Amino acid sequence: MKNNYGPVGETITLRWSDGLFLPVAAPGSLEKLSREQKTDEMFLMLLDRWIAQGRGVNDKKPSHTYAPTRFVDEPEAKADHVSKRELAEAMERLLRAGKIHVVPYGYPSRGWTRLERK
């Protein structure tokens, strides 16, 4: 239906239940912060594991070694229902916080990089 006086562009998640569309409660700020912290810790744990195994990942989206794409298939991410978007946001938060950084490797002309923990 038309919404004349509501906010423009706001989305509401709905769930079908017993013949009715009901709004799905969004997590509050504390739940969101807790989820983000848990995702950040999971990202760091997975990065450490991959580095220890000699498998590098990077921060470049089109790459086949893009960290969120590789990590979303790990059992821990699947168990916690972590999405690729959440892992990408965690990677950006960790880069901004200086907990991980991008390191060049290989031939300089190739421009290869990988993520490492500080």
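Coordinates for the structure precede this section.
Let me sum up the structure you'll find in this document. (Residues numbered from 1 in each chain as written. Predicted model: local features only at pLDDT ≥ 70, side-chain atom pairs only at ≥ 80, totals over all residues. Heavy atoms only, no water.)

On to the overall build of the protein chain. Secondary structure summary: the protein chain contains 4 helices and 4 strands in total. When the helices and strands of the protein chain are listed from N to C terminus, the series reads β-β-α-α-α-α-β-β. Taken over the C-alpha trace, the protein chain has a radius of gyration of 19 Å; the compact-globule value for 118 residues is 13 Å, which it surpasses by more than 25%. Seen through its principal axes, the protein chain has C-alpha atoms that stretch 60 × 30 × 25 Å. A burial count over the protein chain gives 25% of its 118 residues as buried. Expressed as a percentage of contacts within the protein chain between residues at least 6 apart in sequence, the contacts between residues at least 24 apart total 46%. Counting every atom, the protein chain has about 8,800 Å² of accessible surface; 55% of that belongs to carbon and sulfur. For the protein chain, the centre of its 20 positive side-chain charges and the centre of its 16 negative side-chain charges are spaced 5 Å apart. (Helix = DSSP H or I, 4+ residues; strand = E, 2+ residues; numbered from the N terminus. Rg over C-alpha atoms; globule rule 2.2 N^0.38 Å. Buried < 20%, exposed > 50% of the residue type's maximum accessible area, 1.4 Å probe, protein only. Contact = heavy atoms within 4.5 Å. Areas by Shrake-Rupley, 256 points an atom, 1.4 Å probe, with all protein chains shown as cover. Lys, Arg positive; Asp, Glu negative; His and termini not counted. Charge placed at Lys NZ, Arg CZ, Asp CG, Glu CD.)

Ranked by internal contacts, the top residues of the largest apolar core, which has 19 residues, are Phe43, Val57, Ala67, Phe71, Met91, Ile100 and Leu115. Counting residues per element, the ones that place at least two in this core are α1 (29–52), α2 (67–71) and α4 (84–97). It is α1 that contributes the most residues to this core, 6 residues altogether. (Core = buried A, V, L, I, M, F, W, Y, C linked by side-chain atoms within 4.5 Å.)

Taking 1.5 Å per residue, 24 residues should reach 34 Å; α1 reaches 34 Å between its end C-alpha atoms and fits that length. Taken together, the buried positions of α1 are Thr39, Asp40, Met42, Phe43, Leu44, Leu46, Leu47 and Trp50. At its buried positions, α1 is contacted by α2, α3 (75–79), α4, β3 (100–104) and β4 (113–117). Positive phi shows up at Gly54, right after α1, with a value of about 80°. (Expected span 1.5 Å × (residues − 1).)

Right, let's get into the pattern of salt bridges. Applying the stated rule across the entire model yields 9 salt bridges. The shortest N-O distance in the salt bridge between Arg93 and Glu36 comes to 4.0 Å. Taken together, the residues Arg93 in helix α4 and Glu36 in helix α1 connect sequence positions 57 residues apart. Linked through salt bridges whose partners overlap, the residues forming this network are Glu36, Asp40 and Arg93. (Salt bridge = Lys/Arg side-chain N within 4 Å of Asp/Glu carboxyl O.)

Before going further, it helps to examine a nonpolar patch on the surface. Together, Ile12, Leu14, Trp16 and Phe21 line one region of the surface with nonpolar side chains, adding up to about 500 Å² of accessible area. Relative to the elements of secondary structure, Trp16 occurs in strand β1 (residues 14–17). (Patch = residues over 30% accessible without salt bridge, like charges linked within 9 Å, V, L, I, M, F, W, Y side chains within 5 Å.)

Our next topic: α4. Taking 1.5 Å as the rise per residue, α4 with 14 residues should run 20 Å; its terminal C-alpha atoms sit 20 Å apart, in good agreement. Along α4, the residues that are buried comprise Glu86, Leu87, Ala88, Ala90, Met91, Arg93 and Leu94. Just downstream of α4 lies Gly98, where phi reads positive at about 80°.

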